[in-house]
Structure formats: C-alpha cells, structure tokens
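# Results of the structural survey
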Amino acid sequence: MSSQQISFADLAKAIQQRAEKSSLSVSQPKALQPKRRVASPANVIPSPQIIEEIKDYLLFHSGKYGYRNYIIFLLGINVGRRCGDLLALRVSDVYQNGKVVDHITQLVESKTGKRITLYLSDDVREELRQYIYANMLHHYPSSYLFPSQKGHNAGHLSTKSYWRIMNDVENTLQLNFHLSTHAMRKTFARYRYDYMVAHRDEYKVDPLVIMQKILGHSSQQITIDYLDLTKEDIKKAMTSITL
C-alpha cells in the first residue's frame, strides 16, 4: 500500500470523528433519526421605524383582536419580560383603585419562580388605561388582561397563539429577520442598553450591570450574548467617556 492510500481502520476512524462532530451516532442511520424542529433564534428589531410598522400592523390589520395584540407587543418591548409571563397578567395586576398602577408587583417569573417588580412609563400606563376601558376590563378585575378569543372566563391567550400572530406579521411585512415572541424582550434589552450607554452620566452603575440585573442573568457574558453586542459596541461604550 502506498503512502497516498488510507486503510479501512483510518477510514472508519475518520467517519467516527465526523459523526461525533455533527452529534450523530454511526450506529443509527441518519434517515432513521427522529427529526427535531430547530427554533430560529430571536432577533432584536433593528430600527424604531420597523417597530412602528409592526405596531400599525397589529393594531389595524391583525383582525378582531388587533387592539389586544398591539398592547401585548407594546408592553413586551417596554418592560422586557417573557411573553408567557405577560400573557398571564390579570386586570387587577395593572389596574387598582380606579387607575393603572405605576409598577406591577405581583408578577412571578414562570422560568425562575422569582417575584419581580415591573415599572411602567406614563405613556405605557395611558395606553393600558385606554385598552382596559375600551374593552370594559375594569369591570372584570379577576379576568386576564389578554383573554383568549373564547372570552374573559376561558383563560388567557397562549404563547403559541401569539407566536402565530408574530409569524404572520413577519411574513406579511416581509421582514428580513425572525420576529419571535422573545424578540420583544431582546428588543427591550438592546434599546434600553443603548440608551443608557448614550446617557452614561445619568447612571451611577455601568449599563451592562444594570441590564444584567433587569434581565435576571447570572453573568455579564450571558447578557452580552443576549444583547448581540459586538466588540465594537463594547469598545465604544468603554471609550466614550474619560473621567
């Protein structure tokens, strides 16, 4: 055998190594492996203009429940919580003593089990007030804030249903990025982070530390990955001010 040839043992070893790299088992043919759906990663909505387009579509073109769909999106990009946690809110969580509260204290994260506080801007509070009165929800304090199409007593809109709504927006507006339900949380995080960096002198603590705390991440590296931060972003943040 010449030096240019390869033995069956070497060939078998090479196949095994490739299989291990692709997380496939050589003992099970690829055609027989169960297919698993790989979810596309959530993306930050790239511009305020696109955010407004999405708002307009949800409000005016997403059917009978367009107002509800719009408010869910508005709340999602302004408080940064997971979609499932927002959909589980009840009217009494946000509306008490005849007015919309300035912060929500009864939200428990489904993923961590932690009780957290959400602060609402005046603009978001006014939007919620109009939504609640337009749908007569102030008469049903124990009802879900975002009921399903079956009515106030039939449970809240599911995350899967809202994912379908987001998917419809993505397809109709022909967006060149994936608009998932989690995109609302990531968009909140990135825009708030960019604002804090641009107004660094207003904060006593580094914006990345603040965002890590808001998102509940265990490390800054997770937050960096989550924000889709690049090296240039970090360089700009670190060199934009000299004390």
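Overview of the structure. (Residues numbered from 1 in each chain as written. Predicted model: local features only at pLDDT ≥ 70, side-chain atom pairs only at ≥ 80, totals over all residues. Heavy atoms only, no water.)

### Some words on the environment of valine 91
Counted only if it meets this: Only runs of H or I of at least four residues qualify as helices and only runs of E of at least two qualify as strands under DSSP, and these elements are numbered from the N terminus. Working definition: with a 1.4 Å probe on protein chains only, accessible area under 20% of the residue-type maximum means buried, over 50% means exposed, and in between means partly exposed. In this description, contact between two residues means that some pair of their heavy atoms is separated by no more than 4.5 Å.
Counting through the fold element by element, valine 91 comes out in helix α5 (residues 91–94). Look at valine 91 and you get buried, because its relative accessible area is 0%. Spatially, the C-alpha atoms of valine 91 and isoleucine 132 are 8.0 Å apart, while their sequence positions differ by 41 residues. Setting aside residues no more than four positions away along its own chain, valine 91 makes contact with Leu137, Tyr140, Pro141, Ser143, Tyr144 and Leu145.

### Looking at the pattern of salt bridges
To be explicit about the condition: The term salt bridge refers to a side-chain nitrogen of Lys or Arg lying within 4 Å of a carboxyl oxygen of Asp or Glu.
On inspection of all chains with the given rule, the structure shows 4 salt bridges. With a closest N to O distance of 2.8 Å, arginine 129 and glutamate 126 form a salt bridge. Of this pair, arginine 129 and glutamate 126 are both found in helix α6 (residues 122–134), 3 residues apart, which corresponds to roughly one turn of the helix.

### Here we look at the side chain of aspartate 85
Let me state the cut-off plainly: Positive: Lys, Arg. Negative: Asp, Glu. His and the chain ends are not part of the count.
Relative to the helices and strands, aspartate 85 is located in helix α4 (residues 83–87). One buried charged residue, aspartate 85, forms no salt bridge at all, with the nearest opposite charge on arginine 82 at 4.7 Å. Once residues within four sequence positions are removed from consideration, aspartate 85 is found in contact with Leu107, Val108, Glu109 and Ser110.

### What to know about the packing of helix α2 (residues 48–61) against helix α7 (residues 159–172)
To be explicit about the condition: Geometry is summarised by axes, namely lines fitted to C-alpha atoms with helices restricted to the contacting stretch, and by angles between N-to-C directions that run from 0 to 180 degrees. By definition, turning the near helix anticlockwise from the far helix through less than a right angle yields a left-handed crossing, and turning it clockwise yields a right-handed one. When residue character is reported, Ala, Val, Leu, Ile, Met, Phe, Trp, Tyr, Cys and Pro are called nonpolar, Asp, Glu, Lys and Arg charged, and the others, Gly included, polar.
Where α2 meets α7, the closest approach of the two axes is 11 Å, and the angle between their N-to-C directions is 115°. Every pair of crossing elements has a handedness; the one defined by α2 and α7 is right-handed. Of α7, the residues touching α2 (which contributes Ile54, Tyr57 and Leu58) are Tyr162, Ile165, Met166, Asp168, Val169 and Thr172. Grouping the amino acids of the contact of α2 with α7 by side-chain chemistry returns 7 nonpolar, 1 polar and 1 charged.

### Side note on the environment of leucine 173
Turning to its location among the elements, leucine 173 is positioned in the loop between α7 and α8 (182–198). Given a relative accessible area of 27%, leucine 173 falls into the partly exposed group. Residues leucine 173 and tyrosine 57 lie 116 residues apart in sequence; the distance between their C-alpha atoms is 8.4 Å. Residue contacts for leucine 173: discarding those within four places in its chain leaves Glu53, Ile54 and Tyr57.

### Some remarks on unusual backbone geometry
One non-glycine residue with positive phi stands out, namely asparagine 97, at about 55°. Secondary-structure assignment places asparagine 97 in the loop between β1 (95–96) and β2 (99–100). The residue glutamine 174 is not glycine, and still its phi comes out positive at about 55°. Here glutamine 174 lies in the loop between α7 and α8.

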